[in-house]
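Residues per chain are reported as follows:
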Amino acid sequence: MIALVTGASSGIGRDIARSLASHGINVIITARRRDRLIELKNELTEKYGVKVMFIAADLSKENQVFALYNKVRKYNIDILINNAGYGVFGDFTETNLERELDMLDVNIKAFHILFKLFLRDFKRRDCGYILNTASIAGFLPGPWFSSYYASKAYIVRMTQAVAEELRSKHSHVHISMLCPGPVSTEFGETARVKFLTRPYPSEKLAEHAVREMFAGTLMISENVFMKTAVCLAKILPDKLLAVGAGLFQYKRERT
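Residues numbered from 1 in each chain as written. Predicted model: local features only at pLDDT ≥ 70, side-chain atom pairs only at ≥ 80, totals over all residues. Heavy atoms only, no water.

## Section: empty space enclosed by the protein
On inspection of all chains with the given rule, the structure shows one cavity of 30 Å³ or more. Each pocket or cavity is described by its volume, and for the largest cavity that value is around 30 Å³. If you trace the largest cavity, you find it lined by Thr-6, Leu-59, Asn-82, Ala-84, Val-106, Ala-110, Phe-111 and Leu-114. Among the elements that line the lining of the largest cavity, the one with the most residues is helix H4 (residues 97–125), at four residues. Split into classes, the residues belonging to the lining of the largest cavity amount to six nonpolar, two polar and no charged. (1 Å grid on protein atoms, 1.4 Å probe; cavity = no way out; pocket = protein on both sides within 12 Å on 5 of 7 lines; lining within 4 Å. Points joined across faces, edges and corners; volume = space filled by probe spheres on them. Helix = DSSP H or I, 4+ residues; strand = E, 2+ residues; numbered from the N terminus. Nonpolar A, V, L, I, M, F, W, Y, C, P; charged D, E, K, R; others polar.)

## Looking at the packing of helix H1 (residues 11–22) against helix H2 (residues 34–48)
Packed helices, taken two at a time, are described by the angle between their axes plus the distance between the axes. Contact geometry for H1 and H2: axes closest at 10 Å, N-to-C directions at 20°. Considering the angle they form, H1 stands roughly parallel to H2. Viewed along their axes, H1 and H2 form a crossing whose handedness is right-handed. Contacts from Arg-14, Ala-17, Arg-18, Ala-21 and Ser-22 in H1 reach Leu-40, Glu-43, Leu-44 and Tyr-48 in H2. Residues belonging to the contact of H1 with H2 are distributed by class as follows: five nonpolar, one polar and three charged. (Axes fitted to C-alpha atoms, helices over the stretch in contact; angles between N-to-C directions. Parallel < 35°, antiparallel > 145°, perpendicular 65-115°, else oblique. Left-handed = near helix turned anticlockwise from the far one by under 90°. Contact = heavy atoms within 4.5 Å.)

## Some points on helix H7 (residues 202–214)
Structurally, the α-helix is built with 3.6 residues per turn, so residues lying three or four positions apart point the same way. Over its 13 residues, H7 extends 19 Å from the first C-alpha to the last, a length consistent with the 18 Å expected when each residue adds 1.5 Å. For H7, the set of buried residues is Ser-202, Leu-205, Ala-206, His-208, Ala-209, Val-210 and Met-213. Those residues of H7 that are buried are in contact with H1, strand E4 (79–82), strand E5 (129–133), strand E6 (174–178) and strand E8 (219–220). A positive phi of about 85° marks Gly-216, the residue just after H7. (Expected span 1.5 Å × (residues − 1). Buried < 20%, exposed > 50% of the residue type's maximum accessible area, 1.4 Å probe, protein only.)

## With respect to the environment of Arg-124
Position of Arg-124 among the secondary structure elements: in helix H4. Since its relative accessible area comes to 61%, Arg-124 is described here as exposed. Residues Arg-124 and Val-173, spaced 49 residues apart in sequence, show a C-alpha to C-alpha distance of 9.8 Å.

## Section: the pairing of E6
Across the five residues of E6, four count as buried, placing the element largely inside the fold. In this sheet, E6 lies alongside E5 in parallel orientation, the contact comprising five bridges. Residue pairing for E6: Ile-130 is matched across the bridge by Ile-175. Between the parallel pair E5 and E6, the chain is carried across by helix H5 (residues 146–168), and the sense of this crossover is right-handed. The sheet contact formed by E6 and E8 spans two bridges and is parallel. Of the residues in E8, the one forming a bridge with Met-177 is Met-219. (Pairing = 2+ DSSP bridges. Right-handed = clockwise from strand over helix to strand, strands pointing away.)

Here is the structure:
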């Protein structure tokens, strides 16, 4: 088997690539930071003996998203880990618009393009796995993190809808969405935000996500607490959820 992992230079993407390699799966890793990709490639080939290819790409650029797909489609990818993304924290009227639009290009546009193109290939072969990295944020309104939460809601609803389309056609393509709470990655530093709860270990989450993806689980979360939080998000008033989400996170520094 061969997997494509986006956002593989750090955090969840890097650790999912490690988990896949530990199971003997060859990987193509992509992210912006070429040096990080080279380090990860060397680590995976030396430790697990799998084949690893890296492609440095900026997925905020639409042409590079299509170029990535065109480079790897000949390998008949079996698994897409659609993970690239980041957040911009701050008052909506004060956050940098250019940075925010760049984030939306990665979190929504690049996600959408790769999801559609690879799913078309998988449907033709009637096999394959897709794991979209969403978040518990996708079930909530997020004051001071509004565009990020909204982008994750897009991933949640898109994944749910497409999963039903596949189910109704008895497809053997498996789709999952990873919906964790705070995770111990570089995400908080990039977004300049802290959370009230202790971040969940990224390595542990990655192994859990890979196992649940192969089991065909649609919504994957790290523990019962987060699954309960998702259930509560479906029944509590939106206004109350917005207040709670706003209290759950606070600024590391002004953006």
